[in-house]
Amino acid sequence: MLDSSLQGGFSNPPVQSAQAFRAALSAMARPGRIETLGGATAPAPTSAAAATLLLTLCDQETPLFLGGAYDTLAMRDWISFHIGAPIVEAGFAQYALGTWADLSQATLPTGISDYPDRSATLIVEMDTLAATGARLTGPGIEVEAHLNLPEIKAFQANRALFPLGLDFYFTAGPHLAGLPRSSIVAEL
Amino acid sequence: MSDYNFAYLDEQTKRMIRRAILKGVAIPGYQVPFASREMPMPYGWGTGGVQVTAACLTPDDTLKVIDQGADDTTNAVSIRKFFENTAQVDVTECTQEASVIQTRHRIPEEPLTEDQILVYQVPIPEPLRFLEPRETETRKMHALEEYGLMHVKLYEDIARHGHIATSYAYPVKVEDRYVMDPSPIPKFDNPRLESAAIQLFGAGREQRIYAVPPYTKVVSLDFEDHPFEQMKAEQDCDLCGAGHTYLDEVIVNDQGGRMFVCSDTNYCATRCDAGHRGRLSPEEDAA
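Reading the values: the criteria
- Residues numbered from 1 in each chain as written.
- Chains lettered and ligands numbered in written order.
- Predicted model: local features only at pLDDT ≥ 70, side-chain atom pairs only at ≥ 80, totals over all residues.
- Heavy atoms only, no water.
- Helix = DSSP H or I, 4+ residues; strand = E, 2+ residues; numbered from the N terminus.
- Rg over C-alpha atoms; globule rule 2.2 N^0.38 Å.
- Buried < 20%, exposed > 50% of the residue type's maximum accessible area, 1.4 Å probe, protein only.
- Contact = heavy atoms within 4.5 Å.
- Lys, Arg positive; Asp, Glu negative; His and termini not counted.
- Charge placed at Lys NZ, Arg CZ, Asp CG, Glu CD.
- Axes fitted to C-alpha atoms, helices over the stretch in contact; angles between N-to-C directions.
- Parallel < 35°, antiparallel > 145°, perpendicular 65-115°, else oblique.
- Nonpolar A, V, L, I, M, F, W, Y, C, P; charged D, E, K, R; others polar.
- Core = buried A, V, L, I, M, F, W, Y, C linked by side-chain atoms within 4.5 Å.
- Phe/Tyr/Trp six-rings, centres within 6.5 Å; stacked < 30°, edge-to-face > 60°.
- Lys NZ or Arg CZ within 6 Å of the ring centre and 35° of its normal.
- pLDDT = per-residue confidence, 0-100.
- Patch = residues over 30% accessible without salt bridge, like charges linked within 9 Å, V, L, I, M, F, W, Y side chains within 5 Å.
- Areas by Shrake-Rupley, 256 points an atom, 1.4 Å probe, with all protein chains shown as cover.
- Salt bridge = Lys/Arg side-chain N within 4 Å of Asp/Glu carboxyl O.
- Pairing = 2+ DSSP bridges.
- Polar contact = N/O pair within 3.5 Å; in protein donor to acceptor, adjacent residues only side chain to side chain.

**Digging into the overall build of chain A**
Then, number 1: Each helix and strand counted, chain A has five helices and 11 strands in total.
Then, number 2: Scaling as 2.2 N^0.38, a compact globule of 188 residues should have a C-alpha radius of gyration of about 16 Å, and chain A matches this with 16 Å.
Then, number 3: Along the longest, intermediate and shortest principal axes, the C-alpha atoms of chain A span 45 × 30 × 25 Å.
Then, number 4: Taken over 188 residues, chain A has a buried fraction of 57%.
Then, number 5: When contacts within chain A are restricted to residue pairs at least 6 apart in sequence, those whose partners lie at least 24 apart make up 67%.
Then, number 6: Between the centroid of the 9 positive side chains of chain A and the centroid of its 17 negative side chains there is a distance of 10 Å.

Take a look at the structure:
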């Protein structure tokens, strides 16, 4: 194990994870709204927001899929020390981390009709987050919201599965936005 | 009390509850199973709500707890003290000042804002439970969107009483998909389930968490010829004179005397302070 993987956790886990959860809750409950969170640092290229999200939501009970450039020895070491989540293939994952290019190719669980909650939550790393681009409507949005989604079609197909489907977090640096399966995505 | 972890629960438990809350938010109205813990209070006293509140609280929060609208009843007072001791959060009785509100069976009269979270204590989360006792079956009914039985129940109300007699825990359909039990709030409160706040529901004994995100469509079930009707006592509040609030009937003596007062004590007190008077308000000092 690399010594560096012992670094980067929360200094005050109960409080920092509570604050991070509130940002995550607000992002999921208000799709498109950009929240700020931090406190954790994971090996590159993982953003602060993604690292904080992993530390807040994942533990030994949540199989995790690492996409592409995120599946490194340093990242696996960091996860096994701080989180303990088993690293699995996409089909068994409850959480997934990667870029959209990595994750859009993977086949992740979308839940079953009796238990639609048994589906994966994706943490999609982005270069930037901005309230422009795709138009979002649905639960959590009063009129409409906008978010620079990496594409449109995949999210429309995801919505068509409702109440099954995947839930998304988009992260860039310390910023976070959410897109639950219930959101209706349209081109601007 | 510094020997407790922040907000009582251990971090592993809070992560598990938080994951369930987020899935609940993503699938409005769907009941997410979670591994409810034993809490230092009996089932039926709001263990589900307490666990959801514990998973949401941050040290910066201001907590309000109400029981049937009242801030000063046993259940509300003890839960408020519990979090004062274990999370050191500020507490308030004022609806506008609170960032997290835990409630038993009422929605505050004051409209909630985007910065607030409303946590409901839920006894029986499954709206179909008294119609179909088997969990395997009700789960299938939700999966297949098979809600005919619920309409039959409402129809039988009409056949027997001439109107829909269900007056609390009135079933709603969330975002045109899941039929949901809004917890035993009076149906007077149903229209306010469409809110700017995040609404989270926790059922401790039944081990379910569900949610209604802000601005989510929540429709009370009804029929074209028997539309949903809000219901309240016809009187005005005897303390603050409000005619638009949900009222409690209070027996005041053994000669059949009774009075009607706002069930939301904070709302009533605020109105009284603002000079509103009701039938039984004390006389103003002549001085």
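**Digging into the packing of helix H1 (residues 11–26) of chain B against helix H2 (residues 47–56) of chain B**
Residue and element names in this part refer to chain B.
Then, number 1: One way to put it is that H1 packs onto H2 with a least axis distance of 9 Å and a crossing angle of 100°. Considered as vectors, H1 and H2 are oriented roughly perpendicular to each other. For the pair H1 and H2, the contacting residues are Lys 14, Ile 17, Arg 18 and Ile 21 in the first and Gln 51, Val 52, Ala 54, Ala 55 and Cys 56 in the second.
Then, number 2: Looking at side-chain class alone, the contact of H1 with H2 contains six nonpolar, one polar and two charged residues.

**Overview of the nonpolar core**
Then, number 1: By size, the foremost hydrophobic cluster in this structure holds 83 residues, and its most contacted members are A:Leu25, A:Tyr169, B:Ile21, B:Phe83 and B:Leu200.
Then, number 2: Once residues lying within four places of it in the same chain are set aside, the contact partners of A:Leu25 are A:Tyr169, B:Ile21, B:Leu22, B:Val25, B:Cys56, B:Ile117, B:Ile198 and B:Leu200.

**Description of the packing of aromatic side chains**
Then, number 1: All told, the structure shown has 13 aromatic pairs over all chains when counted by the stated rule.
Then, number 2: Ring centres of A:Phe168 and A:Phe170 lie 6.1 Å apart, and the angle between their planes is 10°; on these two criteria the pair is classed as stacked.
Then, number 3: Given the relative accessible area of 3%, A:Phe168 is considered buried.
Then, number 4: On the basis of relative accessibility, which here comes to 0%, the residue A:Phe170 falls in the buried class.
Then, number 5: Between the aromatic rings of B:Tyr170 and B:Phe228, the centroid separation amounts to 5.0 Å while the plane-to-plane angle is 70°, which identifies the pairing as edge-to-face. One end of the pair, B:Tyr170, is in the loop between helix H5 (148–161) and strand E6 (172–174); the other, B:Phe228, is in the loop between strand E10 (218–220) and strand E11 (247–251), and 58 residues separate them in sequence.
Then, number 6: Judged by relative accessible area, B:Tyr170 falls into the buried class, the value being 1%.
Then, number 7: Put simply, the rings of A:Trp100, A:Phe155, A:Phe168 and A:Phe170 touch in pairs and so form one group of aromatic residues.
Then, number 8: The ring centre of A:Phe162 lies 4.8 Å from the NZ or CZ of A:Arg159, which sits over that ring.
Then, number 9: Directly above the aromatic system of B:Tyr178 lies the positively charged group of B:Arg177, at a separation of 4.4 Å from the ring centroid.

**Side note on the confidence of the model for chain B**
Then, number 1: Model confidence for chain B is summarised by a mean pLDDT of 95, while 98% of its residues fall at 70 or above.
Then, number 2: Prediction confidence for the complex, expressed as pTM and ipTM, is 0.96 and 0.97 respectively.

**Structural notes on a nonpolar patch on the surface**
Then, number 1: The grouping of A:Met1, A:Leu6 and A:Phe81 at the surface amounts to a nonpolar patch, some 320 Å² of accessible area in total.
Then, number 2: For A:Met1, the position within the fold is in the segment before helix H1 (13–29).

**Topic: the sheet that holds strand E10 (residues 175–179) of chain A**
Residue and element names in this part refer to chain A.
Then, number 1: In spatial order, the strands read E1-E10-E9-E6-E3-E2; together these six strands make up an open sheet with mixed pairing. Two strands bound the open sheet, and with one partner strand each, they are strand E1 (35–36) and strand E2 (64–66).
Then, number 2: Summarising the sheet, E2 and strand E3 (residues 95–99) pair through three bridges and their orientation is parallel. Across the sheet, residue Phe 65 finds its bridge partner in E3, namely Ala 96.

**Some points on the sheet that holds strand E7 (residues 178–180) of chain B**
All names here are of chain B.
Then, number 1: Pairing in this open sheet of three strands is antiparallel, and the strands run E7-E6-E10 from one edge to the other. A single partner strand is all that each edge strand has here, and the edge strands are E7 and E10. On average, each strand axis in the sheet is inclined to that of its neighbour by 30°, with strand direction left out of account.
Then, number 2: In the sheet, E6 pairs with E7 via three bridges, with the strands oriented antiparallel.

**Considerations on the side chain of A:Asn148**
Residues and elements named next belong to chain A.
Then, number 1: Tracing the chain through its elements places Asn 148 in the loop between strand E8 (145–147) and helix H5 (153–160).
Then, number 2: A polar side-chain atom of Asn 148 sits 3.0 Å from the main-chain carbonyl oxygen of Thr 128.
Then, number 3: Sequence-distant contacts of Asn 148, that is, excluding residues within four places in its chain, are made with Met 126, Thr 128, Leu 129, Ala 130 and Thr 132.

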